[in-house]
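Read off the chains here:
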Amino acid sequence: MTINRRGTMAAAAVALGLTLTACGDLTQDGSAGSDSGTIKLGMLAPLTGSSAAIGPYMKHGAQLAVDEINAAGGVDGRKLSLTVEDEACDPKTAAAGAAKLVSASIDISVGGYCSSATLPTLSIFGKTNIPMLIPAANSADLVAQKRNNVFLINGTGIQQAEAAAQFIKESGSKSVALIDDNTSYSADITKRTDKNLRADGVRVAEHQAVTAGESDYSGAVNAVLKAKADFVYWTGYYQEGGLLIKQLKAAGYRGRIMVADGSVDAKLIQIAGKHNAQGVFATMTQTPQTIPGGQAWVAKYKKKFGSEPGPYSTQAYDAVRVAAEAVKKAGTTDGQALTAALEKTDGFKIFSGPLKFTPEHTLSAGGFDILVVKDNGFVPNK
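The following paragraphs examine the structure supplied in this document.

What counts, and where the lines are drawn
Residues numbered from 1 in each chain as written. Predicted model: local features only at pLDDT ≥ 70, side-chain atom pairs only at ≥ 80, totals over all residues. Heavy atoms only, no water. Helix = DSSP H or I, 4+ residues; strand = E, 2+ residues; numbered from the N terminus. Rg over C-alpha atoms; globule rule 2.2 N^0.38 Å. Buried < 20%, exposed > 50% of the residue type's maximum accessible area, 1.4 Å probe, protein only. Contact = heavy atoms within 4.5 Å. Areas by Shrake-Rupley, 256 points an atom, 1.4 Å probe, with all protein chains shown as cover. Phe/Tyr/Trp six-rings, centres within 6.5 Å; stacked < 30°, edge-to-face > 60°. Lys NZ or Arg CZ within 6 Å of the ring centre and 35° of its normal. Pairing = 2+ DSSP bridges. Axes fitted to C-alpha atoms, helices over the stretch in contact; angles between N-to-C directions. 1 Å grid on protein atoms, 1.4 Å probe; cavity = no way out; pocket = protein on both sides within 12 Å on 5 of 7 lines; lining within 4 Å. Points joined across faces, edges and corners; volume = space filled by probe spheres on them. Right-handed = clockwise from strand over helix to strand, strands pointing away. Lys, Arg positive; Asp, Glu negative; His and termini not counted. Salt bridge = Lys/Arg side-chain N within 4 Å of Asp/Glu carboxyl O.

**Some words on the overall build of the chain**
Looking only at helices and strands, the chain has 14 helices and 14 strands in total. Its C-alpha atoms give the chain a radius of gyration of 20 Å, within 12% of the compact-globule value 21 Å for 382 residues. The dimensions of the chain, computed from C-alpha atoms along their principal axes, are 65 × 40 × 35 Å. Looking at the chain as a whole, 57% of its 382 residues are labelled buried. Here the analysis covers contacts within the chain between residues at least 6 apart in sequence; of these, 73% occur between residues at least 24 apart. When the accessible surface of the chain is totalled, it reaches about 14600 Å², and 50% of it is carbon and sulfur.

Structure follows, in C-alpha cells:
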C-alpha cells in the first residue's frame, strides 16, 4: 500500500538544471544579508547520540547539492558553503550548535532532525532573522510556534498520523497499542493517530509512553500483551524501537508492528534482530531507494561519499536547493527578503513534487508511504 505517491528524481534534476545556472564569477565575501559574496548555509544534524546514524545522511545530502550548485556556477555567481554542527537530538546541544551557526554568520539554516531539539533553535535563528528550511523535524509543535522564518520540507506529524490511522484501519485491526517516547515529535504523532483511529471506530486498547535511552521496556511490552493488542505503532526513534520490537517478539507478541519515520533506518533491523524485524511496517516519506527513477541519484551519492544514502538525504539535498532558489529569487541574503521569496515559492521541483508552502509554511502536497522491512532494509509495501 502506498499513500500519496510523490515526484520523481528526473523532475528534481530538471529543476536544478533550469533554475541554478552559471551567472558569473565569485565575488569577495559579503556580510550577512548582502547581495554578493559566499552564501553561507548552516545545518544542525545528529552527529552524536542515539540518532547519530542519521547525521551523515543529512550532511552528505546537503553537501551534494552545494557541490552541484557550485559546479554549475553558483547562484548568480555566488558560491555556497555549508557548516554543520551537532544537535545530538538534545535541546541543549542543539541550542549551542545554533548559537555557533549564528556566530558563523550563516544566511540560511537547512538543518533540524529531532523536533524536541529543533524547537529551542527557532527563537535563536528567529532573533537574527535567519530563515529555516527544516528537512526532517516535523512535529506540529514547530508549526504551532508560528515563526515567520520557519519552513518545513518534510511532511508533518499531522500527515503521518493520517497515513498511520488509514493503514491500521485498512489492516483490519481490532485492538491497537500506541507507544511513544514522550518527546514532542513522538507524542504528537501518537496523540493525532489516537484521535484519528477513534474517529474511524478503531479501538485503541493501550497507550504507553516510555523513556528514551533505557534498555528494558518490559513494562510497555506487558501492557501490550495484557491489552491483547493486535497492532502496535511505535512513534519514537530506532534505538528504542529496535529494542521494543525485540522484546515484544521475545514475550510472544505475534501481531503487526509499525514504526514512525524516526525509526526508519537499517540500525532498527540490527538492534531488533533481522528475524524479528521482518514484516515490520513503517510510515515514511520517500527515501532515495523508494523514489521511482531515483537510482541515478543514489549512484551519484554513492560515488561521491562511498556509502548508500539514507533517510533525509533527499530532504537535506532539497533544503539546499530551495534555499539557493530563494536567494536567486530574492537577489539577496537578507532574511526578510528570503522569507518573502520562500512564501511565494510555487512549483519548484523537489523530490516530493512541485513545492508550494501552506500559510503555515508546511508542504501543501506530498505525504507518507507505507514501507515494510524485507531482508536488511525497508521497501515499499505492495
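**Observations concerning the packing of aromatic side chains**
A complete count under the given rule lists eleven aromatic pairs for this structure. Both rings, one in tyrosine 113 and one in tyrosine 237, keep their centres 5.8 Å apart while their planes meet at 50°; by these two values the pair is tilted. Of this pair, tyrosine 113 sits in the loop between β3 (108-109) and α4 (115-127) while tyrosine 237 is found in the loop between β8 (231-234) and α9 (238-250), placing the two residues 124 residues apart along the sequence. Linked through ring pairs, Trp297, Tyr301, Phe305, Tyr317 and Phe351 together constitute an aromatic cluster. Over the aromatic face of phenylalanine 305 sits the side chain of lysine 304, whose NZ or CZ is 5.9 Å from the ring centroid.

**Details of the sheet that holds strand β6 (residues 176-180)**
Pairing between the strands of a sheet comes from backbone hydrogen bonds, and it takes one of two forms, parallel or antiparallel. Across the sheet, which stays open at both edges, the seven strands sit in the order β7-β6-β8-β9-β10-β13-β14 with mixed pairing between neighbours. Looking at strand neighbours, the two that pair on one side only are β7 (204-209) and β14 (377-380), the edges of this open sheet. Adjacent strand axes in the sheet meet at a mean angle of 25°, parallel and antiparallel pairs treated alike. Here four bridges tie β8 to strand β9 (residues 256-259), and the two strands are oriented parallel to one another. Within β9, the residue paired with tryptophan 234 across the bridge is valine 259. Against the sheet, helix α8 (residues 218-227) engages β6, β7 and β8, with an angle of about 175° to β7.

**Some words on the layout of surface pockets**
Of the volumes computed, that of the largest pocket is approximately 290 Å³. In terms of residues, the lining of the largest pocket owes the most to one element, β14, which gives four residues.

**Section: the pairing of β7**
Two elements, β6 and β7, share five bridges in a ladder whose sense is parallel. Counted as the bridge partner of leucine 178 is histidine 207 from β7. Traced from β6 through helix α7 (residues 184-199) to β7, the parallel crossover comes out right-handed.

**Considering the side chain of glutamate 206**
Of note, glutamate 206 is situated in strand β7. One buried charge, glutamate 206, has no salt-bridge partner; the nearest side chain with opposite charge is lysine 226, at 7.9 Å. Beyond its immediate chain neighbours, meaning those up to four positions away, glutamate 206 contacts Val176, Ala177, Leu178, Ala223 and Ala227.

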